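Listed below, chain by chain, are the residues.
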Amino acid sequence: MALTTSTMIQNIPCTLVTGFLGAGKTTIINQLLSSKPADERWALLINEFGRIGIDGALLASAQDDNADAGNIAIREVSGGCICCTSQLPLQIAITRLLSDHRPQRLIIEPTGLAHPRELIQQLSAPHWQTALNMQAVITVLSGVQWQQQKYRSHDGFQAHVRDADVLVVNRYTQLDADELKALQEWIAMLNSEVAVIWTESLSRTEDNSSNNITALSNPSSTLIAQLTKPSHTISQQRATDKTKPNHIRTSLKPLTRQPFTSLMSNRATENDQSLGDIEADTDLPYRYHEQQQDLLLGGWRLPAHYVFDVDGLQEWLLRLPNWQRIKGLVNTSDGWLKINFTPDSLTITTASAQIDSRLEVILQSVIDNGVVSNKAEAEAEAEAEVEVEVEVENTLPLLSSLDWQACDNELMALVIEDMP
């Protein structure tokens, strides 16, 4: 199916913001959106690995105080990586954004589990070269993640650095001088041409001059400047495409879906609607779960009038086995809250009222020798390494499945008020 671009605005500046799962892409994108000139229309395309669609709501909520938020259009592509599935969802999403909103700038955030090279190949295709003017690829790297061998030796983690034009390094203040030097060498080994921005909100007492590191107190202006710089990475890809046939490998296998449980609405089950089409409380509560690659995914959309005990909810979420990422917008006993948990950062902030509550979790289905549960890591920071290993061995067997019905019951038990 060929999608024409004859009715679209041509040569629209487009920026990819990539980074591994939990690197901090949403924070960087919020900074970019906050720096948008008041007279410009921007569009944001978000690809989420799960099906609930929370990142778009998180970003929209963060723009609540922005008087110019109406000039930012946000569209989500949920339920899998756009670089791993058919190109059609990506084409449709971009086409609709450009034709419906006619933005003057497009930002694309692929899932943290995406393969940047494959997405770059897709956007280098001839039918996009007149519609999109590809700018520098911005990649976000977490220094805390890099500290862990399981991340920095992971090919997917390295792939984001290899295909970056600009690398934004955050969460690096706990690295000592030797580690900072090793990080710089690691970056140079993977991508010697990448421009590095060191951005950190916390002050450091160490002198980083010997490592040529200059932390930015206000990185927004530096980041916004990257939006107008051409992409060396994409230029190389397009030059390669001209010299050989374009063989883009895509997986045509349908996503594996586990049976939906009774918590789902009947209408959504019968019509197999996307979760983005479920708007009213009459369609809720709703829960899905599935397995993709070596990850278990689950998510809930719940009526806005369900009020959750905030302490009990946090404790329950942190008890989930082998969690890798937890996101949510939830009505709680402390009001509406944004939840954003990664293995190295637990963030809860206030939010404006929403049409429903949303939660999504990503769990590691298999534990490697070097991987421990996040709960164990958080609780055992001050304990000896051998004690941590014993705890993991005793409490965390291989996770090949989860009793999602039990999760439903536990979550519903945390509802302390139901006032429709």
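Residues numbered from 1 in each chain as written. Predicted model: local features only at pLDDT ≥ 70, side-chain atom pairs only at ≥ 80, totals over all residues. Heavy atoms only, no water.

Considerations on the overall build of the protein
Along the backbone of the protein there are 16 helices and 17 strands. For the protein, buried positions account for 53% of its 420 residues. For the protein, contacts bridging at least 24 residues in sequence account for 77% of all contacts bridging at least 6. (Helix = DSSP H or I, 4+ residues; strand = E, 2+ residues; numbered from the N terminus. Buried < 20%, exposed > 50% of the residue type's maximum accessible area, 1.4 Å probe, protein only. Contact = heavy atoms within 4.5 Å.)

So, the confidence of the model for the protein
Residues with a pLDDT of 70 or more make up 67% of the protein, whose mean pLDDT is 74. Within the protein, the lowest mean pLDDT, 28, falls on helix α12 (residues 266-271), and the highest, 96, falls on helix α13 (residues 310-319). Throughout residues 1-6 the model reports pLDDT below 50, and contacts reaching past four residues in sequence, or to other chains, amount to 10 contacts. Contacts of residues 201-207 to residues separated by more than four positions or lying in other chains number six contacts, the stretch itself having pLDDT below 50. (pLDDT = per-residue confidence, 0-100.)

Thoughts on the packing of helix α8 (residues 155-162) against helix α9 (residues 177-190)
One can describe the packing of α8 onto α9 by two numbers: an axis separation of 9 Å at closest approach and a directional angle of 75°. In terms of their interaxial angle, α8 and α9 are classed as roughly perpendicular. Of the residues in α9, those touching α8 at Phe 157, Gln 158, Val 161 and Arg 162 are Trp 186, Ile 187 and Leu 190. Among the residues making up the contact of α8 with α9, the classes are represented as five nonpolar, one polar and one charged. (Axes fitted to C-alpha atoms, helices over the stretch in contact; angles between N-to-C directions. Parallel < 35°, antiparallel > 145°, perpendicular 65-115°, else oblique. Nonpolar A, V, L, I, M, F, W, Y, C, P; charged D, E, K, R; others polar.)

Examining the nonpolar core
The biggest cluster of nonpolar side chains holds 29 residues, and the ones touching the most others in it are Leu 141, Phe 157, Leu 167, Val 169, Leu 183, Trp 186 and Ile 187. If near-sequence neighbours (up to four positions away) are discounted, Phe 157 is found in contact with Phe 20, Leu 141, Ser 142, Gln 145, Trp 146, Tyr 151, Arg 152 and Trp 186. Judged by nonpolar contacts, the second largest core, of 24 residues, contains Cys 14, Leu 90, Leu 123 and Val 137. (Core = buried A, V, L, I, M, F, W, Y, C linked by side-chain atoms within 4.5 Å.)

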